[in-house]
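Structural features, examined
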Amino acid sequence: MSKHSENSEDLEIESKIDLKKNLNKESFISIREKSSSKIKHIRKAMALALAGTMVMASLSGCGSSGGSDSDSSDSSDSSSSSNYDFNLFGTAKESDDEKEESSSGSEEFSESSKDVQKKTKEIEGYIDNYFYFEEDDEKREESYFDGIMNGLDDPYSVYYTKEEYEEMMEEDSGEFEGIGAVVSKDVEKGWVYVVKPIVGSPAEEAGILPNDVIVSVDDLEITSDMELDYVVDHIRGEKGSEVVLTIYREGEADYLEIPIKRATIETETVTYEMLEDKVGYIKVENFIATTPKIFKEAVDSLKDQGAEGLVIDLRDNPGGLLSAVIEMVDYVIDDNATAEGAEKAGLLLQTKDKNDNVMEEYTCSDGHSVNLPISVLTNGNSASASEIFAGCLQDYGVAKTVGTTTFGKGIVQSVIKLEDGSAIKITIAQYFIPSGNAVHKVGVEPDIEVELDEEQKNKVTIEREDDNQLQEAIKALD
């Protein structure tokens, strides 16, 4: 995890992949659907048992939940909850006038309102009297606060327990214990998938491939409402221990169960080399605190080696720290230059709140620029900080972007520590690149659009001569 300071603006490290396929619904049934089906049968069994023992009518809706995220077969079950005429605590049925008054309610939701407190007490009563399993008070408390954040309907605004927050605050040293795979979540479909295994990692050695969809981690079955960090925490573990991933892979008739032995994983955020024809190649994996320093070293070293052009590869880069990417684009762009559509010289980024007020403005200030032709490689997994980098260089005309449209995450989260040591991460602003254009849900469109050849898409390592996107980026330097 990257280190965050209190109230720091961190661009979420998440991205999305264009799978170029629709998973077969019959072969890829989410665990959420399976669980909903089981719960539905349990509820029906409970209703029948209660009807027999209490000899009362209209029990079909007692305890059933609201709408489900699973298939439509659950809708009849959940809708019955609105039709019951009594509750098991013997309170009187509401009159029609009371129902009308209650349904009209206030225009804004308030957890302290009489209706909400009454409903909460009613639900807790059912739980106290009829919930079969032993209650976990700590889990219930955590779920309560999770629910507040989930109610915002923003996949990037989340609640962290004290332990989760402390883990997130640890300094990112570029080393961790796990399987060595970059994973992400398609926030629209709820799938957690492999962007790519790290070369030489246990994940690669075990046969994990890009685009593999993770169905379960050991006994943890992945559901669409799980946070990516939660899944990653279960994939990581002590060096030498084993984890089993259940994988859906396109073209396979059955799920694949792949055991992987965890190890210490060392990651390089920036790598570089000199290619033929004096082309310098820089691969940026993500943006953490140490990335700017290594990036500058890479640029300077390649120039010293005689590079006459640079290709900066941001493909599959999920983003990272805002401060890191600003320092890097500042190193490339002339302080006195003005981007087309920009309000002032040297403008790199503005963040605006929900009232369109400018919260922060970032400009060039280091007095340095790179006077070489540059191509920037992007794809659908280039997200957040990667989009700032590509968008800034594109707006200033100092680079041509090559590949496919980026992910489209252009919002900023702030991590706020609470009094008890827990924390929330909440979306506070949207960012705008120098031209004034928004990136969120739009992405950065490439100057030269090139899809990666189909036969290369599931490869962990692509040979330079077989990488058609890279070859196009080299041509764009001329």
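Keep in mind the model is a prediction, meaning the values are calculated, not measured.

**Topic: a nonpolar patch on the surface**
On the surface, Phe131, Tyr132 and Phe133 cluster together into a nonpolar patch covering about 430 Å² of accessible area. By secondary structure assignment, the location of Phe131 is in the loop between α4 (114-130) and α5 (137-150).

**Points about the packing of aromatic side chains**
Two numbers describe a pair of aromatic rings. These are the distance of the centres and the angle of the planes. Counted under the stated rule, the structure contains five aromatic pairs. Between Phe145 and Tyr159, the aromatic rings sit 5.4 Å apart at their centres with planes inclined by 40°, giving tilted as the arrangement. You can see Phe145 sitting in helix α5 and its partner Tyr159 sitting in strand β2 (residues 158-160), a full 14 residues away along the chain. Here the aromatic residues Phe131, Tyr132 and Phe133 are joined through ring pairs into a cluster of three or more. Taking NZ or CZ as reference, Lys409 lies 4.7 Å from the ring centre of Tyr156, over its face.

**Here's the deal with the pairing of strand β8 (residues 242-248)**
As a general feature of sheets, a regular strand has side chains that alternate between the two faces. Burial within β8 is extensive, with five of its seven residues counted as buried. Pairing analysis gives six bridges linking β8 to strand β9 (residues 256-261), with the strands arranged antiparallel. Across the sheet, Leu245 pairs through a bridge with Ile258, a residue of β9.

**Quick notes on the packing of helix α10 (residues 322-332) against helix α11 (residues 385-395)**
Packed helix pairs are specified by the crossing angle of their axes together with the interaxial distance, meaning the distance between the axes. Between α10 and α11, whose axes approach to 9 Å, the crossing angle comes to 20°. The angle between α10 and α11 falls in the class roughly parallel. Note on packing geometry: the crossing formed by α10 with α11 is right-handed. Here Leu322, Val325, Met328, Val329 and Val332 of α10 come into contact with α11, specifically with Ala385, Ile388, Phe389, Cys392 and Leu393. Residue composition of the contact of α10 with α11, grouped by class: 10 nonpolar, no polar and no charged.

**Quick look at the nonpolar core**
Ranked by internal contacts, the top residues of the largest apolar core, which has 47 residues, are Val284, Phe287, Phe295, Val325, Ile374, Phe389 and Leu393. Listed by contribution, the elements that provide at least two residues to this core are β12 (279-284), α9 (291-304), β13 (309-313), α10, β14 (347-352), β16 (374-378), α11 and β19 (423-432). Residue contributions to this core peak at eight residues, all from α10. Beyond its immediate sequence surroundings of up to four residues, Leu393 is in contact with Val329, Val332, Ile333, Ile374, Val376, Val398 and Ala399. Ile222, Met226, Leu245 and Ile258 belong to the second-largest nonpolar core, a separate cluster that totals 21 residues.

Criteria and thresholds
Residues numbered from 1 in each chain as written. Predicted model: local features only at pLDDT ≥ 70, side-chain atom pairs only at ≥ 80, totals over all residues. Heavy atoms only, no water. Patch = residues over 30% accessible without salt bridge, like charges linked within 9 Å, V, L, I, M, F, W, Y side chains within 5 Å. Areas by Shrake-Rupley, 256 points an atom, 1.4 Å probe, with all protein chains shown as cover. Salt bridge = Lys/Arg side-chain N within 4 Å of Asp/Glu carboxyl O. Helix = DSSP H or I, 4+ residues; strand = E, 2+ residues; numbered from the N terminus. Phe/Tyr/Trp six-rings, centres within 6.5 Å; stacked < 30°, edge-to-face > 60°. Lys NZ or Arg CZ within 6 Å of the ring centre and 35° of its normal. Buried < 20%, exposed > 50% of the residue type's maximum accessible area, 1.4 Å probe, protein only. Pairing = 2+ DSSP bridges. Axes fitted to C-alpha atoms, helices over the stretch in contact; angles between N-to-C directions. Parallel < 35°, antiparallel > 145°, perpendicular 65-115°, else oblique. Left-handed = near helix turned anticlockwise from the far one by under 90°. Contact = heavy atoms within 4.5 Å. Nonpolar A, V, L, I, M, F, W, Y, C, P; charged D, E, K, R; others polar. Core = buried A, V, L, I, M, F, W, Y, C linked by side-chain atoms within 4.5 Å.

This is a description of form; function is not addressed.
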